[in-house]
Amino acid sequence: MAGHTENSITIDAPFDLVWEMTNDLENWPRLFSEYASVEVLAREGATTRFRLTMHPDENGKVWSWVSERTPDREKRTVRARRVETGPFAHMDIVWEYAELPSGVQMRWIQDFAMKPDAPVDDDWMTDNINRNSRTQLALIRDRIEQVARDSEGASVASSR
């Protein structure tokens, strides 16, 4: 069995701002609440290999792993995968961006499977990813929309 999740949110901000903020890996700890740090390990063409480290969980355990991420602005997609899979047999993520009249829809599609000896199964992880994705997407939306509002206000003020 394998896990599959799809979660999306619409962000009331220009595409360029949404794309830039969500693909600025070094600033992810300020965009996501769960990441304590991001360390870029290598860049080759459009692909970035990086280490993500989370804040300690409720038991004080710090989770960290290496991923690769390849954005394609023209197609408005990002493909990512865990290189250090930890408890996952595999973890593949696609980010899709679509411009709508109400803003930019950002969609996360995650396909994964847990290793047989993982402490949780695919169903548990599916529920966990869905719950956490909704939280993180709402936080990202709010932070990007605040930057868009602040930018709009600065543009209005500077044109006076």
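Below, the structure is looked at part by part. (Residues numbered from 1 in each chain as written. Predicted model: local features only at pLDDT ≥ 70, side-chain atom pairs only at ≥ 80, totals over all residues. Heavy atoms only, no water.)

A word on the pattern of salt bridges
Then comes step 1: Applying the stated criterion across every chain yields a total of ten salt bridges.
Then comes step 2: In this structure, Glu-26 and Arg-43 form a salt bridge, with 2.4 Å as the shortest nitrogen-oxygen distance. One end of the pair, Glu-26, is in the loop between helix 1 (15-22) and helix 2 (28-31); the other, Arg-43, is in strand 2 (residues 35-44), with 17 residues separating them in the sequence.
Then comes step 3: The partner of Asp-142 in a salt bridge is Arg-141, with the nearest N and O atoms 3.0 Å apart.
Then comes step 4: Asp-142 sits in the partly exposed class, given a relative accessible area of 39%. (Salt bridge = Lys/Arg side-chain N within 4 Å of Asp/Glu carboxyl O. Helix = DSSP H or I, 4+ residues; strand = E, 2+ residues; numbered from the N terminus. Buried < 20%, exposed > 50% of the residue type's maximum accessible area, 1.4 Å probe, protein only.)

Details of the layout of surface pockets
Then comes step 1: Within this model, the largest pocket holds a volume of roughly 1100 Å³.
Then comes step 2: Looking at the lining of the largest pocket, the elements with two or more residues in it are strand 3 (47-54), strand 4 (64-72), strand 5 (77-82), strand 6 (88-100), strand 7 (103-114) and helix 3 (122-158).
Then comes step 3: Here the lining of the largest pocket gets seven residues from one element, more than from any other, and that element is helix 3.
Then comes step 4: Among the residues making up the lining of the largest pocket, the classes are represented as 21 nonpolar, ten polar and seven charged. (1 Å grid on protein atoms, 1.4 Å probe; cavity = no way out; pocket = protein on both sides within 12 Å on 5 of 7 lines; lining within 4 Å. Points joined across faces, edges and corners; volume = space filled by probe spheres on them. Nonpolar A, V, L, I, M, F, W, Y, C, P; charged D, E, K, R; others polar.)

So, the side chain of Thr-53
Then comes step 1: Relative to the helices and strands, Thr-53 resides in strand 3.
Then comes step 2: Excluding its chain neighbours within four sequence positions, the residues that come into contact with Thr-53 are Glu-34, Tyr-35, Ala-36, Ser-37, Val-62, Trp-63 and Ser-64. (Contact = heavy atoms within 4.5 Å.)

Let's talk about unusual backbone geometry
Then comes step 1: Here the phi dihedral of Arg-76 falls at roughly 60°; this positive angle occurs in a residue that is not glycine.
Then comes step 2: Note that Arg-76 resides in the loop between strand 4 and strand 5.
Then comes step 3: The exposure class assigned to Arg-76 is partly exposed, which follows from its relative accessible area of 25%.

Focus on the environment of Asp-92
Then comes step 1: As for its position among the elements, Asp-92 is in strand 6.
Then comes step 2: Those residues in contact with Asp-92 that lie beyond four places of it in its chain are Ala-80, Arg-81, Ile-109, Gln-110 and Asp-111.
Then comes step 3: Among the polar contacts made by the side chain of Asp-92, one reaches the side chain of His-90 at a distance of 3.4 Å. (Polar contact = N/O pair within 3.5 Å; in protein donor to acceptor, adjacent residues only side chain to side chain.)

With respect to the nonpolar core
Then comes step 1: Of all hydrophobic cores here, the largest spans 26 residues; its most connected members are Trp-28, Phe-32, Trp-95, Tyr-97 and Met-106.
Then comes step 2: At four residues, the largest contribution of residues to this core is made by helix 3.
Then comes step 3: Membership of the second largest hydrophobic core comes to seven residues, among which are Phe-88, Met-114, Ala-118 and Met-125. (Core = buried A, V, L, I, M, F, W, Y, C linked by side-chain atoms within 4.5 Å.)

Quick look at the packing of aromatic side chains
Then comes step 1: The full count for this structure, using the stated rule, is 13 aromatic pairs.
Then comes step 2: When the centroid spacing of 4.9 Å and the interplanar angle of 45° are considered together, the rings of Phe-32 and Tyr-35 count as tilted.
Then comes step 3: Between the aromatic rings of Trp-95 and Trp-108, the centroid separation amounts to 5.1 Å while the plane-to-plane angle is 50°, which identifies the pairing as tilted. Placement of the pair is Trp-95 in strand 6 and Trp-108 in strand 7, with a sequence separation of 13 residues.
Then comes step 4: Using a relative accessible area of 5% as the deciding quantity, one classes Trp-95 as buried.
Then comes step 5: Note on Trp-108: relative accessible area 6%, which makes it buried.
Then comes step 6: Within the aromatic cluster, the residues linked to one another by ring pairs are Phe-15, Trp-19, Trp-28, Phe-32, Tyr-35, Phe-50, Trp-65, Trp-95, Tyr-97 and Trp-108.
Then comes step 7: Seen from the ring of Trp-95, Arg-69 lies directly overhead, with NZ or CZ sitting 4.2 Å from the centre.
Then comes step 8: Between Arg-82 and the ring centre of Trp-65, over which it is positioned, the NZ or CZ distance is 3.8 Å. (Phe/Tyr/Trp six-rings, centres within 6.5 Å; stacked < 30°, edge-to-face > 60°. Lys NZ or Arg CZ within 6 Å of the ring centre and 35° of its normal.)

Remember, this is a structural readout, not a statement about activity or role.
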